[in-house]
Amino acid sequence: MITIAGAGLAGLACALELARRGAQVRVFDPGHAPGDRSVARYAGGMLAPWCERESAEEEVITLGAQAADWWAEVTPVTRRGTLVVTPPRDRAELQRFARRTAGFRGVDGDEIASLEPALAGRFSQGLFFEQEAHLDPRRALRDLTATVQELGVEIIYGTPAPSGVTLDCTGMASPVEGLRPVRGEMAILHCPEVQITRTLRLLHPRMPLYLVPRGDGHYMIGGTMIESSSTRAISLRSLSELLSAAFALHPGFAEASVVETGAGLRPAFADNLPRLVQQGDTLHLNGLYRHGFLLAPAMAARAADHLISETSHEPDRQRATA
Amino acid sequence: MRVYGTEVSSRLLLGTAQYPSPKVLAEAITASGCEIITVSLRRETADGSGAGFWDLLRDTGTRILPNTAGCHSVQEAVTTAQMAREVFGTNWIKLEVIGHSDTLQPDVFGLVEAARILCADGFEVFPYTTDDLVVGEKLVEAGCELLMPWGAPIGSGQGLRNPDALRAMRAHFPDIPLIVDAGIGRPSDAAQAMELGIDAVLLNTAVAKAGDPVAMARAMALGIEAGRMGHMAEPMEPRDMAVPSTPLLGLAELG
């Protein structure tokens, strides 16, 4: 029996990988419903390794390239790519972004308009990352929970994990060393007047924004990264910057309803890459930072390889941990 | 170089924002040999919630210069400085009072007022100012023992937009340490500042947003070192005509 602390994104992804390998798995979580204590609730749900490379190590691509396929077996994945645009004044930002990334093609105003008719005439230059995808994080957490339960994984809610679990996936609640919280803030808009069908990124030196369509006229916007452990509600500064950036993307968002705001703490190591760490008898998977949905599948596979090779004493199956 | 009685050998001060990760930041600090780093204290982190990141900064072994980045009023800057003294246990404060939201240029009136309040309260103030001589004088009168004139607007990477003004500042304040803060984009900008006789350079975006921040940090340190060495070596004055560098005397007579 493999025991896991935390039924958030990392814990459930590991449960799935372990169950697929035939392990018996029990997951403990102090929450009461799938993902209700998970910072992944506030995620964008972007599966965008090529864009993320702008500020992350190459490993984000090698670990994240297969994420969309992995998720597509669990939950609906929208594969319409990412469109990156910038106001004319900040064209240098687009050039910098292009230099730092790969897997895109440059698009002009006409192509932007054919990809996203709502943006016709608004942007004359952009980058299109055709292979990227997105999902709905809350739906994905629910679907992932159902999937693992169908495979016989037992999830015990309302119960903190007993000491000495096999695998700890408790994010910021984990005792693993070297973790720090990076606060992220988001808002959900309802704006049926503006129809955007794929993830957009607006590059701006002061208020970068990403916007992810959630369907039914709902959009998630986010983009803040603050070195803070504060869990208070979103600040007026962050919210006004996010909303201004959304307005810059399309003035139609002026009519949007702000239906939700949220803030969460993303666990990160000093290199902002996830790690498997053995501490005593417990293996820890942590530090998914802003790449939870993107990197959880690959890291869960590594964790499962590690645990199963260990329990079955097959040293040739042991892989180096990240 | 002595700043407020502390001897520092590196003439590069690094800001700590916008790096791809704290690990890259720490490597950039090591590669540059810098001994002083600036950290902005925002009200949202002053309750100690920024501790995870600050611990990583302390681990670099550098001296921390907290700043009041993003403050738009005297009161806000003074309050932030007081919180920074509590959090970081230092009297050093890089004082920014921003006067214009687009150019982020200093509100020099508010800056002088805040400097007066903080110096009287025992702070050792590093004022981020323009290259205006009169403002510089007022800051010195207020108790500042060094000045940090801009090279260009914060984060713009435009280099030294007004070298003549910095030259005049150097001449006007021969004994006050001058640190160019803001606007540096390339190592040659940093070298140019040092050739003008500026004592040190503070920069952030040029390193943090470079393709390879660690290599750029080293390049900046080398630019600063070259510029300083060139300044001390007393560069030649430009001439308006060519002067052959090979003596004419003793040339072979060819038929």
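Criteria and thresholds
- Residues numbered from 1 in each chain as written.
- Chains lettered and ligands numbered in written order.
- Predicted model: local features only at pLDDT ≥ 70, side-chain atom pairs only at ≥ 80, totals over all residues.
- Heavy atoms only, no water.
- Pairing = 2+ DSSP bridges.
- Helix = DSSP H or I, 4+ residues; strand = E, 2+ residues; numbered from the N terminus.
- Axes fitted to C-alpha atoms, helices over the stretch in contact; angles between N-to-C directions.
- Contact = heavy atoms within 4.5 Å.
- Polar contact = N/O pair within 3.5 Å; in protein donor to acceptor, adjacent residues only side chain to side chain.
- Buried area = accessible area lost by both parts, 1.4 Å probe.
- Salt bridge = Lys/Arg side-chain N within 4 Å of Asp/Glu carboxyl O.
- Nonpolar A, V, L, I, M, F, W, Y, C, P; charged D, E, K, R; others polar.
- Buried < 20%, exposed > 50% of the residue type's maximum accessible area, 1.4 Å probe, protein only.
- Core = buried A, V, L, I, M, F, W, Y, C linked by side-chain atoms within 4.5 Å.
- Disulfide = S-S within 2.5 Å.
- Left-handed = near helix turned anticlockwise from the far one by under 90°.
- Domains from an automatic or database assignment.
- Phe/Tyr/Trp six-rings, centres within 6.5 Å; stacked < 30°, edge-to-face > 60°.

What follows covers the sheet that holds strand E13 (residues 218-222) of chain A. Residue and element names in this part refer to chain A. Taking strand neighbours across the sheet as the criterion, the eight strands line up as E5-E6-E4-E11-E12-E13-E10-E14 in an open arrangement whose pairing is mixed. Edge positions in the open sheet fall to strand E5 (105-108) and strand E14 (257-268), since each of these has one partner strand only. Within the sheet, the average angular offset between the axes of one strand and its neighbour, ignoring direction, is 25°. For strand E10 (residues 180-190) and E13, the ladder comprises five bridges, and the chain directions are antiparallel. Directly across from Ile-188, in E13, lies its bridge partner Met-220. Along the sheet, helix H8 (residues 236-249) makes contact with strand E4 (82-85), E10, strand E11 (199-202), strand E12 (209-215), E13 and E14, crossing E10 at roughly 50°.

Residues and elements named next belong to chain B. With respect to the secondary-structure elements, Lys-94 resides in strand E6 (residues 92-95). Residues Lys-94 and Ala-193 lie 99 residues apart in sequence; the distance between their C-alpha atoms is 20 Å. If we skip the residues at most four places from it in the chain, Lys-94 touches Thr-38, Leu-65, Pro-66, Asn-67, Thr-68, Phe-126, Tyr-128, Met-148, Asp-181 and Leu-202. Separated by 3.1 Å, the side chains of Lys-94 and Glu-96 make a polar contact.

Taken together, the 18 residues of chain A in the interface contact 19 residues of chain B. Buried surface at the junction of chain A and chain B, summed over both partners, amounts to about 1600 Å²; 45% is from carbon and sulfur atoms. Where chain A touches chain B, the interface holds one salt bridge. Among the salt bridges present, the one from Asp102(B) reaches Arg89(A), with a minimum N-O distance of 3.4 Å. Connecting chain A to chain B are six residue pairs in polar contact (both at pLDDT 80 or more). Residues of the side of chain A that touches chain B, tallied by class, amount to two nonpolar, five polar and 11 charged.

Another aspect to go through is unusual backbone geometry. Despite not being glycine, Tyr289(A) has its phi angle at roughly 55°, a positive value. Take Tyr289(A): it is sitting in the loop between strand E16 (282-286) and helix H9 (292-311). The class of Tyr289(A) is buried, set by a relative accessible area of 12%. Of note in the backbone geometry, Gln18(B) takes a positive phi value of approximately 70° without being a glycine. Within the fold, Gln18(B) resides in the loop between strand E3 (12-15) and helix H1 (22-32). The exposure class assigned to Gln18(B) is partly exposed, which follows from its relative accessible area of 40%.

The next subject is the nonpolar core. Among the nonpolar cores identified, the biggest contains 75 residues, and Leu14(B), Leu95(B) and Val125(B) are the most heavily contacted of them. With seven residues, the top contributor of residues to this core is helix H4 (residues 108-120) of chain B. Those residues in contact with Val125(B), other than ones at most four positions away along the chain, are Tyr4(B), Ile93(B), Leu95(B), Ala115(B), Leu118(B), Cys119(B), Cys144(B) and Leu146(B). In terms of nonpolar packing, the next biggest core, distinct from the first, is built from 51 residues, Ala7(A), Ala15(A), Trp71(A) and Val153(A) among them.

All right, on to the side chain of Thr68(B) then. Residues and elements named next belong to chain B. Tracing the chain through its elements places Thr-68 in the loop between strand E5 (63-67) and helix H3 (74-88). Here Thr-68 falls in the buried class, since its relative accessible area comes to 0%. Setting aside residues up to four positions removed in sequence, Thr-68 forms contacts with Ala-77, Thr-80, Ala-81, Ile-93, Lys-94, Leu-95 and Glu-96.

Let us look at the pairing of E13(A). Residues and elements named next belong to chain A. With four of its five residues buried, E13 lies for the most part within the structure. Bridge count for E12 against E13 is five bridges, and the pairing is antiparallel. By the bridge assignment for E13, Val-212 is matched with Met-220. If you look at the hairpin formed by E12 and E13, you'll find two residues sitting between the two strands, and Asp-216 has a positive phi there, around 55°.

Structurally, Ala65(A) is set in the loop between helix H3 (59-64) and helix H4 (67-72). Each C-alpha atom, one on Ala65(A) and one on Ala298(A), is 9.2 Å from the other, the two residues being 233 residues apart in sequence.

Okay, the state of the cysteines next. Residue and element names in this part refer to chain A. Within the structure shown, the criterion is met by zero disulfides over all chains. Residue Cys-169 stays outside any disulfide, its sulfur separated by 4.2 Å from that of Cys-14, the closest cysteine. Given a relative accessible area of 7%, Cys-169 falls into the buried group.

For the structure shown, the criterion picks out 27 salt bridges over all chains. A salt bridge links Arg2(B) to Glu7(B), with the shortest nitrogen-to-oxygen separation between them at 3.2 Å. Of the charged contacts in the structure, one is a salt bridge between Lys94(B) and Glu96(B), with a shortest N-O distance of 3.1 Å. Take Lys94(B) and Glu96(B): they sit in the same class, and that class is buried. Several salt bridges share partner residues, and in doing so they unite Glu17(A), Arg20(A), Arg21(A), Glu73(A) and Asp305(A) into one network.

Here we come to the packing of H3(B) against H4(B). Residues and elements named next belong to chain B. Between H3 and H4, the shortest axis-to-axis distance is 9 Å and the interhelical angle comes to 35°. Considering how the two elements wind past one another, H3 and H4 form a crossing that is right-handed. On H4, the residues that touch Val-74, Val-78 and Ala-81 of H3 are Gly-110, Glu-113, Ala-114, Ile-117 and Leu-118. Residues of the contact of H3 with H4, tallied by class, amount to six nonpolar, one polar and one charged.

Residues and elements named next belong to chain A. With respect to the secondary-structure elements, Ser-238 resides in helix H8. Using a relative accessible area of 3% as the deciding quantity, one classes Ser-238 as buried. Dropping the residues within four chain positions of it, Ser-238 is found in contact with Glu-185, Thr-224 and Ile-226.

Here we take up the domain arrangement of chain A. Residue and element names in this part refer to chain A. Each domain of chain A was delimited in the assignment, giving domain 1 (2-52 + 135-176 + 271-317) and domain 2 (82-130 + 180-268). Between domain 1 and domain 2, the C-alpha centre-to-centre distance is 28 Å. Contacts between the two partners involve 21 residues from domain 1 and, on the opposite side, 27 residues from domain 2. Interface area for domain 1 against domain 2, summed over the two sides, is near 2000 Å², with a carbon-plus-sulfur share of 63%.

With that settled, the discussion passes to the packing of aromatic side chains. Counted by the stated rule, this structure contains eight aromatic pairs over all chains. Seen in terms of ring centroids, Phe97(A) and Phe129(A) are 6.0 Å apart; in terms of plane orientation they differ by 90°. Their pairing is edge-to-face. Here Phe97(A), found in helix H5 (residues 91-100), pairs with Phe129(A), found in strand E6 (residues 125-129); they are 32 residues apart in sequence, far enough to count as distant. By the burial criterion, Phe97(A) is buried, and Phe129(A) matches it. A centroid spacing of 5.5 Å and a plane angle of 45° characterise the contact between Tyr4(B) and Phe126(B), whose relative ring orientation is tilted.

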